[in-house]
Every structure is written in C-alpha cells, then in structure tokens.
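Understanding the architecture of this molecule
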Amino acid sequence: MMANPYDKAHELANELKQSEEFTKLQDLHNQVNADDVAKRMLDNFRQIQMDLQQKQSQGEQITEEEVQNAQQQFEVVQQHETISQLMEEEQRMSQLVGDLNRIITEPLEALYGVDQGEEQ
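Residues numbered from 1 in each chain as written. Predicted model: local features only at pLDDT ≥ 70, side-chain atom pairs only at ≥ 80, totals over all residues. Heavy atoms only, no water.

Focus: the overall build of the chain
Of regular secondary structure, the chain possesses five helices and zero strands. Since a compact globule built from 120 residues should have a radius of gyration of about 14 Å, the 19 Å found for the chain marks it as more spread out than a globular shape. By principal-axis analysis of the C-alpha atoms, the chain measures approximately 55 × 35 × 25 Å. Across the 120 residues in the chain, those meeting the buried criterion constitute 18%. In the chain, once contacts between residues fewer than 6 apart in sequence are set aside, the share between residues at least 24 apart is 65%. Accessible surface for the chain amounts to roughly 9700 Å². Of this, 50% is attributable to carbon and sulfur atoms. Each charge class in the chain can be summarised by its mean position, and for the 9 positive and 25 negative side chains these summaries are 5 Å apart. (Helix = DSSP H or I, 4+ residues; strand = E, 2+ residues; numbered from the N terminus. Rg over C-alpha atoms; globule rule 2.2 N^0.38 Å. Buried < 20%, exposed > 50% of the residue type's maximum accessible area, 1.4 Å probe, protein only. Contact = heavy atoms within 4.5 Å. Areas by Shrake-Rupley, 256 points an atom, 1.4 Å probe, with all protein chains shown as cover. Lys, Arg positive; Asp, Glu negative; His and termini not counted. Charge placed at Lys NZ, Arg CZ, Asp CG, Glu CD.)

Let's talk about the packing of aromatic side chains
This structure, assessed with the given rule, holds one aromatic pair. Between F45 and F74 the ring centres are 5.8 Å apart and the planes differ by 40°, which places this aromatic pair in the tilted class. Taken together, the positions of F45 in helix α3 (residues 36-57) and F74 in helix α4 (residues 64-78) put the pair 29 residues apart, joining distant regions of the chain. (Phe/Tyr/Trp six-rings, centres within 6.5 Å; stacked < 30°, edge-to-face > 60°.)

Regarding the layout of surface pockets
One number sums up the size of the second largest pocket: a volume of about 170 Å³. Considering the residues around the second largest pocket, the lining is formed by P5, K8, A9, L12, I104, T105, P107 and L108. Of all elements in the fold, only α1 (5-18) and α5 (81-111) reach the threshold of two or more residues within the lining of the second largest pocket. (1 Å grid on protein atoms, 1.4 Å probe; cavity = no way out; pocket = protein on both sides within 12 Å on 5 of 7 lines; lining within 4 Å. Points joined across faces, edges and corners; volume = space filled by probe spheres on them.)

Quick look at the pattern of salt bridges
Overall, the coordinates contain seven salt bridges when judged by the stated rule. Across the salt bridge formed by K8 and E11, the nearest N and O atoms sit 3.9 Å from each other. Of this pair, K8 and E11 both sit in helix α1, separated by three residues, roughly a single helical turn. Linked by salt bridges that have partners in common, K24, E89 and R92 make up one network. (Salt bridge = Lys/Arg side-chain N within 4 Å of Asp/Glu carboxyl O.)

Description of the nonpolar core
Counting residues in each nonpolar core, the largest one holds 12 residues, listed as L25, L28, V32, A38, M41, L42, F45, V77, I83, L86, M87 and M93. Contributing elements (two or more residues each) for this core: α2 (20-33), α3 and α5. (Core = buried A, V, L, I, M, F, W, Y, C linked by side-chain atoms within 4.5 Å.)

A short note on the packing of α3 against α5
A pair of packed helices can be characterised by two numbers: the angle between their axes and the separation between those axes. As a packed pair, α3 and α5 sit with axes 11 Å apart at the nearest point and diverge in direction by 50°. Relative to α5, the element α3 is oriented oblique. Within the contact between the two elements, α3 uses A38, M41, L42, F45 and R46 and α5 uses I83, L86, M87 and E90. Split by residue class, the contact of α3 with α5 holds seven nonpolar, no polar and two charged. (Axes fitted to C-alpha atoms, helices over the stretch in contact; angles between N-to-C directions. Parallel < 35°, antiparallel > 145°, perpendicular 65-115°, else oblique. Nonpolar A, V, L, I, M, F, W, Y, C, P; charged D, E, K, R; others polar.)

Written out as structure tokens, the structure is:
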C-alpha cells in the first residue's frame, strides 16, 4: 500500500506544530497580541509594508519619502524586544518552510530538468 501524500502532509503539519520553532513563534505572537502598544506598532508596520508591496505589484512608483517612512517604522519595531524576536522567529520559520518546500518539490525539479547543481 502506497503512502498517501495527503496523509504525509498532515503528518508533517502536526510535526511542525510541535516543533520548537513553531512553539516559540506562537508564544511570541501571543505576547505581542497581549500588548496593545506592541500590537499597534506591528500592525502599523505591516500595513505600511503591504501598501508598498501593493503599489509595487501595480507598477506604481514608490517615493523616497515612503521608503524612508517604512525604514523608520522598521527601526521603531526593531527596537521593541518582543517584536524583534518575533520577526527573527518568523524569518526562521520561513526558512524552515522554504527548506521543506524544496525537499518536497525535488522530484518535480528532477523530472523537469531543473539543474540541482546550481545554488540560488
């Protein structure tokens, strides 16, 4: 009997939920959400990021002023210890999920002749 990829995916999701990375990320999320000031700061920063990404995707020009504003907001949130830790942990989780995705798609890349020798 072949293993069902969907079952394996759910298994992997459960492993991820129990991982140290996920637990730490969840804990930091809860800490930020419990702190009104931190939550407002982070929401504000993410909104600015989304606005800029939306502008970029629509081919609109981003002004120097907008870039500086985003940079200032980033420095503000970076100075908040919990938010800073949360962002680091998000980066770590993103890296982990990226690695898993690469492993899962290896057979397809091999099939379609994507050169595995080249590092991105």
